[in-house]
Structures are given as C-alpha cells and as structure tokens.
Amino acid sequence: MVDSVFSPAPGEDAAGAAPRGPGAPMIVLDQVSRWLPMGRRRLDILHPLSLSIPSGQFVAVMGPSGSGKSTLLGLLAGLDRPSGGEITVAGQRISAMNEDDLARFRGATIGFVFQSYQLIPTLTALENVQVPMEIRAQPDAKERALALLAAVDLSSRADHYPAQLSGGEQQRVAIARAFACRPPVLLADEPTGNLDTVNGAHILGLLKQLHREQGTTLVLVTHDAEIARAAQRVVQLRDGRVVEDRSAGTDGGKGS
Ligand code: ADP
Ligand code: MG
C-alpha cells in the first residue's frame, strides 16, 4: 500500500517535471541574497550564495538557529523573494515570476512541510491532505489521502481536527499533505523536529522511500543526525553563509 502511495501516477514518469534525468540541476541559486531594511541599516539574513542541486539529490541543510535555514527554504519554494540574485527550479526562473505564476509553479513542483505545520484548522486531517489534490481536480483524492494517512500511521485520526492532534501528529499530517501531488521537489523544515525517536525514524524512512522510488529531490532543514547521515549532501549554514558543503561517501543516501 505504501508502494501505491509513492509510485508515479498512471501515465507519469517518476519525478515527472523538467529537468529530465538524474544529475541535471533541479535547483540553481545564483548569487542569491536576502536582506531586510533595519532603520537606516540593513539586516543581512542570507549573504550572496550560489548553489546547484542536481535532480534527485537528497540534501540536508543544517546550522544553528537563526543561520538562515528557513529563509533559504522559503526562497526555494517561491514563498519569499530574494533581495538579489536568481533562483531557477525545474528549469523555471522563479525569482522573475509574478504571484499567479508562482502559485502555479508551487502547485506543480513543490511539496512543502512548514516548521509550524500550517494545517487548516477548520478541516480534518483527511481533508487537509485532500486539499492540494482537490485544487488539481484529482479524481482519486480521497482514496489517496486515506492511503497517505495510513503511510504516516494516522488512519485512526483521519476525522480529527488539527487542535485534536498532538504536535507530532500534525507534523505527520503536514508530511502526508506535502506528498499528496507527487511533487518532484520536496522541501521540509525540520520534518522530524517534533517527533519522538520511533516516529522520527518512521518519517525518515518514508522520505527515503519517496526519494528512492520517485527520484524526488529532497531538501530538508534539520538538526537530526539520522537525517544528515541518510542525506547525500549536507550544507551547513552559519550567519547567512554556507560554511560547509559536503557530499556523503559512496554509501550516502542509498536509503537501506
Ligand atoms: P533558521 O531557520 O536557521 O533558524 P531563519 O531563516 O528563520 O533562521 O532566520 C535567519 C535570521 O533572520 C534570524 O536572525 C531571524 O531572526 C531573521 N529574520 C528572518 N525573518 C525575519 C523577518 N521577517 N524580520 C526580521 N528578522 C527576520
Ligand atoms: Mg528555521
């Protein structure tokens, strides 16, 4: 059943969005910066940063609190705009898009797990997972939402509202929702941050499975050493700069 959750939709290639083929860049940051005006000065949140992430790579972004990890993820998702530089995702230059095009881009390309989950409080767990599929008028939305909830071990909570769920349970619903439309790029902000060891390992297993079976490009912000170990590449941020960019050994990210 978990297989059916991750396998490509009928008539679709795995990770069916440009660019094609492993190794082609999926995400390219060219001198991307983010700063905010602070009175007459400015607050540099990200210093100009260039990074290329190949299609299908599993990247962990690490670094102390306040180092710019969430800001970087928001820029990759087109939820925030850079102060300078260019961002290209799946061959599309998102830093130049208007809001409508950005919304379409996000719907087609990005699955996003927010640090604060951002579930819709007036919808049940099941409905929250269904929403992105219903926006796309996907015919099997309910069936697939049920399968996704089963995959994150929450079948018994399908009819519960977010306020009736623990933080860890809400996080798992948010992860199921992010998987829903089989995005070629999954971005997650501390996806195991509020989970106990058992549930954290379970979610990491699902993320690895998604990566392996669908060729999903994964960028995970994390403090979790297990995620860093599973990743093929670890990018360390400090004070808005990349201070280390390390690819794992040949065994990295195989997901066994
Ligand atoms: P991280 O996710 O690594 O903890 P963030 O990307 O959330 O870091 O934030 C990086 C820095 O930018 C922090 O010092 C944070 O306080 C600051 N920052 C982020 N967004 C804003 C904002 N909207 N206004 C003021 N400061 C911000
Ligand atoms: Mg953060």
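Being a predicted model, the structure only gives us computed values, none of them experimental.

## Things to note about the nonpolar core
Okay, so step 1: One finds Val61, Leu76, Ala176 and Leu187 to be the most contacted residues of the largest nonpolar core, which totals 67 residues.
Okay, so step 2: Per-element tally for this core: the top contributor is helix 6 (residues 167–179), with 6 residues.

## Overview of the pairing of strand 9 (residues 233–238)
Okay, so step 1: Two strands pair when backbone bridges link them, and strand 3 (residues 58–62) and strand 9 are joined in this way by 4 bridges, in the parallel orientation. When the bridges of strand 9 are listed, alanine 60 appears paired with valine 234.
Okay, so step 2: Relative to strand 10 (residues 241–247), strand 9 is paired through 6 bridges, and the arrangement is antiparallel. Counted as the bridge partner of arginine 233 is serine 247 from strand 10.
Okay, so step 3: Hairpin connection, strand 9 to strand 10: the antiparallel pair is bridged by 2 residues, and aspartate 239 has positive phi, about 50 degrees.

## Section: the site of ligand 1
Okay, so step 1: Residues in close proximity to ligand 1 include Leu36, Ile45, Gly63, Ser65, Gly66, Ser67, Gly68, Lys69, Ser70 and Thr71, which together make up its full environment.
Okay, so step 2: For the shell around ligand 1, the element with the most residues is helix 2 (residues 69–76), which contributes 3 residues.
Okay, so step 3: Along the lines of polarity and charge, the residues of the shell around ligand 1 split into 2 nonpolar, 7 polar and 1 charged.

## Quick look at the sheet that holds strand 4 (residues 84–89)
Okay, so step 1: Overall, antiparallel pairing links the 4 strands, which are arranged 2-1-4-5 in an open sheet. Among the strands making up the open sheet, the edge pair consists of strand 2 (41–54) and strand 5 (92–93).
Okay, so step 2: Along the sheet, helix 2 contacts strand 1 (25–38), strand 2 and strand 4; its crossing angle with strand 1, the most-contacted strand, is approximately 120 degrees.

## Considering the packing of helix 4 (residues 125–135) against helix 6
Okay, so step 1: Interhelical geometry of helix 4 versus helix 6 gives an angle of 25 degrees and a closest axis separation of 8 Å. It follows that helix 4 is roughly parallel to helix 6 by the angle criterion. In terms of crossing hand, the pair formed by helix 4 and helix 6 is right-handed. Taken together, the residues of helix 6 that come into contact with helix 4 (itself represented by Ala125, Asn128, Val129 and Pro132) are Val173, Ala176 and Arg177.
Okay, so step 2: By residue class, the composition of the contact of helix 4 with helix 6 is 5 nonpolar, 1 polar and 1 charged.

The rules behind the values
- Residues numbered from 1 in each chain as written.
- Chains lettered and ligands numbered in written order.
- Predicted model: local features only at pLDDT ≥ 70, side-chain atom pairs only at ≥ 80, totals over all residues.
- Core = buried A, V, L, I, M, F, W, Y, C linked by C-beta atoms within 7 Å.
- Buried ≥ 20, exposed ≤ 12 C-beta atoms within 10 Å, placed from the backbone.
- Helix = DSSP H or I, 4+ residues; strand = E, 2+ residues; numbered from the N terminus.
- Pairing = 2+ DSSP bridges.
- Near = placed C-beta within 6 Å.
- Nonpolar A, V, L, I, M, F, W, Y, C, P; charged D, E, K, R; others polar.
- Contact = placed C-beta atoms within 7 Å.
- Axes fitted to C-alpha atoms, helices over the stretch in contact; angles between N-to-C directions.
- Parallel < 35°, antiparallel > 145°, perpendicular 65-115°, else oblique.
- Left-handed = near helix turned anticlockwise from the far one by under 90°.

Without other data, these values stay purely geometric and don't point to any function.
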